[in-house]
Amino acid sequence: MTEVERRKDASPAPTSWDYAPAPEARDIVTLRERYGHFVGGVWLEPSETYATISPSSEEQLAEIGQATPAEVDLAVGAARNAFDDGWSQISPSERAKYLFRIARILQERSREFAVLESLNGGKPIKESRDVDLPLAAAHFFYYAGWADKLEYAFPNRVPRPVGVAGQIIPWNFPLLMLAWKIAPALACGNTVVLKPAETTPLTALLFCDVVRQAELPPGVVNIVTGDGRTGGALVTHQDVDKIAFTGSTEVGKAIQRELAGTGKRLTLELGGKAANIIFDDAALDQAVEGIINGIYFNQGHVCCAGSRLLVQESIYEPVVEKLKRRLTTLRVGDPLDKNTDVGAINSKQQLEKIEELVAAGAEEGAEIYQPPCRLPEKGYWFAPTVFTDVAQSYRIAQEEIFGPVLSVLTFRTPEEAVEKANNTPYGLSAGVWTEKGSRILWMAERLRAGVVWANTYNRFDPTSPFGGYKESGFGREGGRHGLEPYLDFT
Ligand code: NDP
């Protein structure tokens with residue numbers, strides 16, 4: 001008998017085949033029962049609290065502080081002191097060191113953050129693990145690199161930090177949006193008070209641990225939690241120099257009205273209703289993958305989601321057929337299962353909003369398709385959905401659904417595609433699928449969208465600016481452009 005055969009002989013035959021436990025398991029996250037506000041490097045006991053839950057199980061995860069105007073005032077005061085007491089004056093390369101440290105700690109603790117993000121927000125673990133976390137760390141690395149090169153970024157101008165930045169973020173990419181906001185602000189020498197969304201505060205609160213681990217001076221980063229009232233108190237606070245907001249167009253407009261005439265700086269990253277445009281010469285199988293990624297990634301809770309599919313008429317049938325077939329292979333369910341493609345809807349309110357708009361689509365005359373899939377009984381779920389026979393005037397073609405719902409429209413010529421794509425109050429993103437490079441450039445020139453992806457979709461990179469036209473907001477995040485909102489020039 002050979003050595004190999006002998007070993008094989010000795011090992012008992014397995015009686016069952018079970019999966020090994022996943023490394024991204026619930027128990028790698030330790031949660032406290034109650035969280036306060038992170039102000040001046042310490043935890044403030046909150047005067048009011050609310051419960052945060054897991055949208056996939058409705059299980060309560062922790063008690064969270066609901067910051068009052070007085071607590072917001074303490075946070076802004078701590079940020080002002082930290083700004084005046086040194087953060088704005090320390091050498092830029094020192095600032096960079098802190099940012100590099102934060103980036104590295106995020107990488108080291110990425111599994112813990114990914115599990116928490118999926119637990120509190122409902123997104124599939126493969127997305128939080130492979131997209132949200134690597135990108136959040138990449139943003140800190142990228143802006144760490146700019147911290148001591150600001151005069152090269154803006155030649156012949158003398159850049160100065162703006163002061164205290166108030167930052168308000170949504171629930172669709174909680175940690176990533178935090179990174180988009182905090183990294184450039186700190187790199188430019190500002191201090192921040194950040195408010196995460198009411199439904200997804202936990203990764204921002206875990207981030208406070210990273211801030212301490214990185215030994216960031218107290219008060220440079222402050223986190224206050226709560227609902228829109230807390231956001232409102234931050235917006236109107238007299239000692240905040242700049243507001244950076246990502247969220248709905250409605251709240252963005254209200255903030256803009258509130259700040260008019262105050263001299264406070266403002267950037268708004270708001271909603272979208274992007275067109276994903278497929279020409280008849282596109283590689284169809286790849287395009288179908290792009291369509292799926294464009295609208296079902298993160299349950300469609302994506303401001304730049306490709307929620308309007310514009311297909312050239314001559315390939316309408318094969319595209320819709322391939323799309324429906326692909327839809328049947330999507331797995332909907334437990335966000336912590338690494339095979340899950342579509343996780344839980346973030347909240348009950350969001351689920352109701354999706355249901356209302358989908359009912360409106362069916363009522364207006366569009367044809368609905370949902371693949372057969374069994375949804376879990378507990379939690380908030382919505383099956384991936386495609387609407388065909390959609391007219392441009394339908395609400396599902398006009399309004400942001402922010403869920404896993406796609407509306408399919410057709411076009412004949414490139415001119416018509418541009419006209420239909422631009423027929424929206426928004427202008428955040430678009431996708432173009434064609435073999436012809438010249439057509440991509442022709443389309444990109446004419447599409448009124450901040451980002452145009454060519455033969456791909458939902459690609460993000462910290463070096464690339466992101467932001468909108470029209471009701472999708474103004475100001476850019478990412479890239480060298482992302483530094484500007486956090487700088488004054490003399
Ligand atoms: P909101 O615009 O209400 O929320 C975004 C952030 O602003 C949250 O932190 C929110 O707090 C806060 N906020 C709410 N009201 C105020 C206020 N008056 N002043 C200051 N801050 C405020 O979005 P929703 O979460 O209600 O989502 C509604 C719709 O918005 C979605 O269906 C989607 O269409 C769109 N949306 C777009 C996003 C984007 O990335 N462009 C992201 C999220 C939503 P709180 O969490 O407590 O409400």
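Residues numbered from 1 in each chain as written. Predicted model: local features only at pLDDT ≥ 70, side-chain atom pairs only at ≥ 80, totals over all residues. Heavy atoms only, no water.

Trainee: I'd like a description of the sheet that holds strand β5 (residues 60-65), backed by residues and values.
Mentor: Read across the sheet, three strands follow the order β1-β5-β4 without closing on themselves; strand pairing throughout is mixed. Pairing within the sheet leaves two strands with one partner each, and these edge strands are β1 (34-35) and β4 (49-53). Inspection of the sheet shows β1 paired to β5 by two bridges, in the parallel sense. From the neighbouring strand, Arg34 faces β5, where its bridge partner is Glu63. On the sheet, helix α8 (residues 202-213) packs against β1, β4 and β5 and is oriented at approximately 70° with respect to β5. (Pairing = 2+ DSSP bridges. Helix = DSSP H or I, 4+ residues; strand = E, 2+ residues; numbered from the N terminus. Contact = heavy atoms within 4.5 Å. Axes fitted to C-alpha atoms, helices over the stretch in contact; angles between N-to-C directions.)

Trainee: Got a sec to walk through the site of the ligand? Specific residues and values, please.
Mentor: Residues in contact with the ligand amount to 28 residues; listed here are only the nearest, Trp171, Ser248, Leu270, Lys353 and Glu400. At 3.0 Å, a side-chain N or O of Lys195 approaches an oxygen atom of the ligand. A distance of 2.7 Å separates a nitrogen atom of the ligand from a polar atom in the backbone of Leu270. Assessed atom by atom at 2 Å from the grid points, the ligand resides in the largest pocket. Residue contributions to the shell around the ligand peak at three residues, all from helix α9 (residues 228-236). Split into classes, the residues belonging to the shell around the ligand amount to twelve nonpolar, ten polar and six charged. (Near = heavy atom within 4 Å. Polar contact = N/O pair within 3.5 Å; in protein donor to acceptor, adjacent residues only side chain to side chain. 1 Å grid on protein atoms, 1.4 Å probe; cavity = no way out; pocket = protein on both sides within 12 Å on 5 of 7 lines; lining within 4 Å. Sits in = over half its atoms within 2 Å of the grid points. Nonpolar A, V, L, I, M, F, W, Y, C, P; charged D, E, K, R; others polar.)

Trainee: Hey, could you go over unusual backbone geometry for me, with residue numbers and the actual values?
Mentor: The backbone of Asn156 shows a phi angle near 65°, a positive value even though the residue is not glycine. Structurally, the position occupied by Asn156 is in the loop between α6 (150-153) and β6 (159-161). For Asn156, a relative accessible area of 83% translates into the label exposed. The residue Asn298 is not glycine, and still its phi comes out positive at about 55°. With respect to the secondary-structure elements, Asn298 resides in the loop between α11 (284-296) and β13 (308-312). (Buried < 20%, exposed > 50% of the residue type's maximum accessible area, 1.4 Å probe, protein only.)

Trainee: How would you explain helix α15 (residues 414-421) if you had to name every residue and give the values?
Mentor: Those residues of α15 lying buried are Ala417, Val418, Lys420 and Ala421. Taken together, the buried residues of α15 touch β12 (275-278), β13, β16 (405-411) and α16 (437-446).

Trainee: Give me the lowdown on the side chain of Arg439, citing residues and values where you can.
Mentor: For Arg439, the location among the structural elements is in helix α16. Arg439 sits in the buried class, given a relative accessible area of 18%.

Trainee: Hey, could you go over the pairing of β13 for me, with residue numbers and the actual values?
Mentor: Here β13 lies mainly inside the structure; five of its five residues are buried. Of the two faces of β13, the one lined by Arg308, Leu310 and Gln312 and the one lined by Leu309 and Val311 are each fully buried. What joins β12 to β13 is α11, and the crossover it makes is right-handed. Strand direction decides the pairing type here: β13 and β16, joined by five bridges, are parallel. If you follow Val311 over to β16, its bridge partner there is Thr410. (Right-handed = clockwise from strand over helix to strand, strands pointing away.)

Trainee: Describe the nonpolar core, with residues and values.
Mentor: Judged by nonpolar contacts, the single largest core of 109 residues is most densely connected at Leu106, Phe140, Phe207 and Val221. Among the elements that take part in this core, helix α7 (residues 174-187) stands out by supplying eleven residues, more than any other. Phe207 has contacts with Ile102, Leu106, Phe113, Phe140, Leu175, Leu178, Ile182 and Val221, leaving out every residue within four places of it along the chain. Ile345, Ala397, Phe411 and Ala421 belong to the second-largest nonpolar core, a separate cluster that totals 30 residues. (Core = buried A, V, L, I, M, F, W, Y, C linked by side-chain atoms within 4.5 Å.)

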